[in-house]
Amino acid sequence: SDSITVLVDKPWIAIDSNKTSPYRDNVYACWTQFNKDANGITKNSSLVFQRILPTPLPQKVLYNAPFTFGSQIGCNLAIGTNGEVYVPWFNYELGGPYNATLQFRWNDRGGEDWGWGRIQNVTSFRRFVNAQNCPGATKDCIIGSTNPNTYFRIGFMPGIAVDMLGGIHLVY
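Every value quoted in this text rests on a predicted model; they were computed, and no experiment measured them.

Draft legend 1. Quick look at the state of the cysteines. Summed over the entire model, instances satisfying the criterion amount to 1 disulfide. A sulfur-sulfur separation of 2.3 Å characterises the disulfide bridge that pairs Cys-30 with Cys-75. Judged by the torsion about the S-S bond (105 degrees), the Cys-30/Cys-75 disulfide is right-handed. Of this pair, Cys-30 sits in strand β2 (residues 27-36) while Cys-75 sits in the loop between β5 (72-73) and β6 (78-79), and the two are 45 residues apart along the sequence. By the burial criterion, Cys-30 is buried, and Cys-75 matches it.

Encoded structure:
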């Protein structure tokens, strides 16, 4: 069968509450969307953005690729002082299963489709990993310090904020 199951993962929401923004009270969301075939095998993943209010816009795929190594995941949102929408995420397509690239796009038109800047590669890094001892999600855990049979899953998601002067702050 050609049926596809869609899994929405790690959604994020933000509201433009800036008093002087022309897009004040707009509500935005982003998420990772995994598309699985009838056998449950992930075929691709997309990073999806949507303006929800005041008038819903069609979903915008910010990045789409065949699924390998974990693909792109973990979007976040921040709203700038003039209503700019900033969206960072991690891309595991670039560099193999234990490396990631922090990527970023912005929109200065209230989420309208034509307002998106090009994808920026912010930085690349090697993920903290101890793969041989971690069950399940082998790329996202560390071993317990007192008991080697325990592990802690690590969520690698970027954080973003915009200060009152419009400065963008990304953490990962």
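Draft legend 2. Inspection of the nonpolar core at higher detail. By size, the foremost hydrophobic cluster in this structure holds 13 residues, and its most contacted members are Phe-49, Leu-62, Leu-77, Val-85 and Val-87. Only β2, β3 (42-53) and β7 (85-91) provide two or more residues apiece to this core. Within the second largest apolar cluster, 6 residues are counted, among which are Ile-73, Phe-90, Ala-100 and Leu-102.

Draft legend 3. Region of the structure containing the side chain of Asn-107. If you trace the backbone, Asn-107 turns up in strand β8 (residues 99-107). Engagement of the side chain of Asn-107 in a polar contact is seen with the backbone oxygen of Glu-112, the distance being 2.8 Å.

Draft legend 4. Quick peek at a nonpolar patch on the surface. A grouping of Ile-4, Val-6 and Val-8 is seen on the molecular surface, where their side chains present a nonpolar patch of about 260 Å² in accessible area. Secondary-structure assignment places Val-8 in strand β1 (residues 5-15). Using a relative accessible area of 46% as the deciding quantity, one classes Val-8 as partly exposed.

Draft legend 5. Here's a closer look at the environment of Asn-107. Taking relative accessible area as the criterion, Asn-107 reaches 0% and is therefore assigned buried. Separated by 10 residues in the primary sequence, Asn-107 and Gly-117 place their C-alpha atoms 6.2 Å from one another. Contacts of Asn-107, omitting those with residues within four sequence positions, involve Gly-83, Glu-84, Val-85, Glu-112, Gly-115 and Trp-116. Of note is the side chain of Asn-107, whose polar atom sits 3.3 Å from the backbone nitrogen of Gly-110. A polar contact of 2.9 Å, which involves the side chain of Asn-107, links it to the backbone nitrogen of Gly-111.

Draft legend 6. Structural view of the pattern of salt bridges. Using the criterion set out here, one finds 3 salt bridges in the structure. Across the salt bridge formed by Glu-112 and Arg-51, the nearest N and O atoms sit 3.8 Å from each other. In this pair, Glu-112 is assigned in the loop between β8 and β9 (120-126) and Arg-51 in strand β3, connecting sequence segments 61 residues apart. Looking at Glu-112, the relative accessible area reads 27%, which means it is partly exposed. By relative accessible area, which is 9% here, Arg-51 ends up buried.

What counts, and at which threshold
Residues numbered from 1 in each chain as written. Predicted model: local features only at pLDDT ≥ 70, side-chain atom pairs only at ≥ 80, totals over all residues. Heavy atoms only, no water. Disulfide = S-S within 2.5 Å. Helix = DSSP H or I, 4+ residues; strand = E, 2+ residues; numbered from the N terminus. Buried < 20%, exposed > 50% of the residue type's maximum accessible area, 1.4 Å probe, protein only. Core = buried A, V, L, I, M, F, W, Y, C linked by side-chain atoms within 4.5 Å. Polar contact = N/O pair within 3.5 Å; in protein donor to acceptor, adjacent residues only side chain to side chain. Patch = residues over 30% accessible without salt bridge, like charges linked within 9 Å, V, L, I, M, F, W, Y side chains within 5 Å. Areas by Shrake-Rupley, 256 points an atom, 1.4 Å probe, with all protein chains shown as cover. Salt bridge = Lys/Arg side-chain N within 4 Å of Asp/Glu carboxyl O. Contact = heavy atoms within 4.5 Å.

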